[in-house]
2 protein chains.
Amino acid sequence: METDAPASPFRTREQKAEERSAKRRALLIAAVRMFNERGYHATLLEDVAASLGVSKPTIYHYLGNKERVLLECIALGIEQYHRAIDEAREAPGSGLDRLRHFLRAYARANMDDFGRCVIRTGPEPLSPEGRQGLRERKRRIDAAMRGFIEEGIADGSIVPTDSKLLAFTLAGALNWPARWHVPGGELSAEELASRMVDMLTIGLAPR
Amino acid sequence: METDAPASPFRTREQKAEERSAKRRALLIAAVRMFNERGYHATLLEDVAASLGVSKPTIYHYLGNKERVLLECIALGIEQYHRAIDEAREAPGSGLDRLRHFLRAYARANMDDFGRCVIRTGPEPLSPEGRQGLRERKRRIDAAMRGFIEEGIADGSIVPTDSKLLAFTLAGALNWPARWHVPGGELSAEELASRMVDMLTIGLAPR
DNA sequence: CGAACAGGTTACTCATGGGTATATTGATTG
DNA sequence: CAATCAATATACCCATGAGTAACCTGTTCG
C-alpha cells in the first residue's frame, strides 16, 4: 500500500488530466484487444465500454466515433514501426546488421497490441481519406526498410537483389505472426522475432 | 462464329445443367472478387448480383446465404493448396527441391482469386463452426508443408531447424502477396512466386 | 451563489443490409 | 391440359448496431 503522503481524495489539476488520459488509454487498449480478437466489424463499441464497466457514450466522450478509435489504434501501431526505424538507424555495423536490427524490432512491433491491429485490420474498414493516410504512412516505412537493404547491398553485406521485392518478402514473413502469435505463447515475442529473422537472413541450404 | 450444328435454341438436359453451373460459377467469381476488393463485410450481395445484371434473390437461389458464399470461396481456395501439395509430392529431387516446388505453387495459389480470399478474409467473419472447419483444413496444409521440411532435414538438403517455425515464416512471406499483388502487375504470379521462393531459400548474405 | 463544465447515464433514432414472401413466366412432365 | 418446377423479379420484414439527445450529478470558477 502506498501511504507516503496523506493521500487526499481531492485531486489536483494534473492528477485530473492524468486520470483522464489514463482512462483514454484504457479504453483504447480495451478496444484494440477486442478488434484483434473479434475483428473490427464484429466489435461493438458497447462491448468495449462494458469490458471496463462503463457505457457506450463514454467511449464517444473520450475517443469519438468508431473509425476515430481505429485510426488512433493504427497511429499508435505505426509509431512502433517508426521507433523500430530510428533504433535501427543508430545501430552499428554493416547494412545487413542494421537491417537485421530493424527486422527484429519490426517483428516485435507486430506482436504488440497496436502493431497487430495495423496488420490484422487492413485498410478496408477505413474511409477513403483514412485509407489514403494509412497507405502513405506505410509507404514511408517500406521506404526506410528498402533504405537498409540498399545500404547493405552497397557495402557488400547483402547480395544484390530487387530491394522492393525483398522488402515485401521480409515484411510479409514478419507480419504474419500478427495473425497467429498468441501473447502468452511458449516463445516470447523477443525470442520469436530473433529466430524468424535468422531464418530469413541466413537461408535454408547448408553452406 | 460456331455454326457446325444447326444450333437449336432448345437446350438439352446437359446444356441446362451446364448453364446452371456456369451461372453459379460466375456468381461465385463475382462475389470473391468483390470480397477481395472491398472486404467481406463491405460487400453487399446485392452489389454482387448487380455486377452481373441480376437481383439479390438470384444469389440466394444459386448459392445460399452470405456465409455459404464465403465458405464456398474458401473451399475453392483451399483446393488450390491441396493441388499444390499433390504436385509437390510427386516432384523429383531432394526434400528442399520438393519444398521449393510446393512453395512456388503455394505462392501462385495465393495470387488466385479464391486463394487470396482465404488469406484476406480471415476466419473472423465465419460462424464458430465455419471457423473450426477452416482451422482444421489449414492445419492439414501446414502439416504437409512441415512434412516437406522434415524430409529435407532428413536428407540433408535443409539445415536442421524448428520445422514449425520455419513453416510459419515461409508461409507468412508467401501469404502476403495476397494483400498487395494486383493481378495485372508488372510481374506475373509465376515470376513473382519464383523470385520470392529463391530469396527465402537462398538467404541474403553472400556465400 | 449561480453558471458552466466534465463525466457519465438511460433511452432513444435511424440507416443499413441480410434474408424472405410472393408473384410471374416459361419450360417440362404425367 | 393441368400441375409442377426452375429461374427470376419486386417489394417487403426486421435485427442490429452506430451514433445522439436529454438528463443527472458533482466540481470549479467568476
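Owing to the predicted nature of the structure, the values given are computational and were not obtained by experimental measurement.

I'd like to hear about the pattern of salt bridges, residue by residue, with values.
Scanning the entire structure with this criterion turns up 28 salt bridges over all chains. Close ionic contact of Lys23 of chain A with Glu19 of chain A constitutes a salt bridge, the shortest N to O distance being 3.9 Å. Pair noted here: Lys23 of chain A and Glu19 of chain A are both in helix α1 (residues 13-38), with a separation of four residues, about one helical turn. Classification of Lys23 of chain A as partly exposed rests on a relative accessible area of 40%. On the accessibility criterion, Glu19 of chain A (32% relative accessible area) is partly exposed. The partner of Arg108 of chain B in a salt bridge is Glu87 of chain B, and the shortest N-O contact between them spans 3.7 Å. Of this pair, Arg108 of chain B sits in helix α5 (residues 95-109) while Glu87 of chain B sits in helix α4 (residues 66-89), placing them 21 residues apart in sequence. Here Arg108 of chain B falls in the partly exposed class, since its relative accessible area comes to 27%. Several salt bridges converge on common partners, so that one network encompasses Glu87, Arg108 and Glu190 of chain A.

How would you explain the packing of helix α5 (residues 95-109) of chain A against helix α10 (residues 189-202) of chain A if you had to name every residue and give the values?
Residues and elements named next belong to chain A. In the contact formed by α5 and α10, the axes pass within 9 Å of each other and the chain directions differ by 140°. Between α5 and α10, the angle is such that the two are oblique. Every pair of crossing elements has a handedness; the one defined by α5 and α10 is right-handed. Mapping the contact onto sequence places Leu96, Arg100, Leu103, Arg104, Ala107 and Arg108 in α5 and Ala189, Glu190, Ala193, Ser194, Val197, Asp198 and Thr201 in α10. Classifying every residue of the contact of α5 with α10 by side-chain character gives six nonpolar, two polar and five charged.

Give me the interface of chain A and chain B: which residues, what numbers.
Contacts between the two partners involve 40 residues from chain A, matched on the other side by 40 residues from chain B. Interface area lost by chain A to chain B is led by Trp176, Met199 and Leu204 of chain A, which between them contribute 21%. Put simply, chain A and chain B have four salt bridges between them. Our count for the chain A to chain B interface comes out at four residue pairs in polar contact (both at pLDDT 80 or more). Listed by contribution, the elements that provide at least two residues to the side of chain A that touches chain B are α5, α6 (113-120), α8 (163-175), α9 (177-180) and α10 of chain A. Top contributing element to the side of chain A that touches chain B by residue count: α8 of chain A, with nine residues.

I'd love a proper account of the confidence of the model for chain A, names of residues and values included.
The pLDDT averaged across chain A works out to 93; a share of 93% of its residues lies at or above 70. Segment residues 1-6 of chain A: pLDDT under 50, and zero contacts once partners within four positions in sequence are set aside and those in other chains are kept.

With reference to specific residues and values, describe the domain arrangement of chain A.
Residue and element names in this part refer to chain A. For chain A, the domain assignment lists domain 1 (12-64) and domain 2 (66-202). Look at where the C-alpha atoms of domain 1 and domain 2 centre, and you get two points 26 Å apart. Listed as interface residues are 16 residues of domain 1 and, on the opposing side, 15 residues of domain 2. Across the interface of domain 1 and domain 2, roughly 1500 Å² is buried in total on both sides, 62% from carbon and sulfur atoms. For domain 1, the biggest contributors to the area lost against domain 2 are Leu28, Asn36 and Tyr40; these three give 43% of the whole.

How would you sum up the protein's contact with DNA strand C? Please name residues and give values.
Taken together, 17 residues lie around DNA strand C, and Arg20, Ser55, Thr58 and Tyr62 of chain A together with Lys56 of chain B are the ones closest in. The sugar-phosphate portion of DNA strand C accounts for 62% of its atoms within 4 Å of the protein, the bases making up the rest. The contact in question runs from a phosphate oxygen of DNA strand C to an N or O atom on the backbone of Leu45 of chain B, over 3.5 Å. Note that a phosphate oxygen of DNA strand C is positioned 3.1 Å from one of the side-chain N or O atoms of Tyr60 of chain B. Of the residues in the surface near DNA strand C, the class split is seven nonpolar, five polar and five charged.

Lay out the UniProt feature "DNA-binding region" (unreviewed entry) in chain A in plain terms, naming residues and giving numbers.
Here, UniProt's "DNA-binding region" (unreviewed entry) annotation points to residues 44-63 of chain A. For the annotated span residues 44-63 of chain A, helix accounts for 75% and strand for 0% of the residues, and the straight-line distance between the end C-alpha atoms is 14 Å.

Which residues make up the relation of the copies chain A and chain B, and what values go with them?
Here the second copy of the chain follows from the first by a rotation about an axis and a shift along it. Of the transformation superimposing chain A on chain B, the axial component is 0.0 Å and the angular component is 180°, with the fit at an RMSD of 0.0 Å. What the superposition gives is, in effect, a two-fold axis relating one chain to the other. Residue by residue, 100% of the interface of chain A is reproduced at the interface of chain B, so both copies engage with the same surface.

Criteria and thresholds
- Residues numbered from 1 in each chain as written.
- Chains lettered and ligands numbered in written order.
- Predicted model: local features only at pLDDT ≥ 70, side-chain atom pairs only at ≥ 80, totals over all residues.
- Heavy atoms only, no water.
- Salt bridge = Lys/Arg side-chain N within 4 Å of Asp/Glu carboxyl O.
- Helix = DSSP H or I, 4+ residues; strand = E, 2+ residues; numbered from the N terminus.
- Buried < 20%, exposed > 50% of the residue type's maximum accessible area, 1.4 Å probe, protein only.
- Axes fitted to C-alpha atoms, helices over the stretch in contact; angles between N-to-C directions.
- Parallel < 35°, antiparallel > 145°, perpendicular 65-115°, else oblique.
- Left-handed = near helix turned anticlockwise from the far one by under 90°.
- Contact = heavy atoms within 4.5 Å.
- Nonpolar A, V, L, I, M, F, W, Y, C, P; charged D, E, K, R; others polar.
- Buried area = accessible area lost by both parts, 1.4 Å probe.
- Polar contact = N/O pair within 3.5 Å; in protein donor to acceptor, adjacent residues only side chain to side chain.
- pLDDT = per-residue confidence, 0-100.
- Domains from an automatic or database assignment.
- Near = heavy atom within 4 Å.
- UniProt positions renumbered as here; feature names shortened; annotations may be inferred.
- Least-squares fit on C-alpha atoms with pLDDT ≥ 70 in both.

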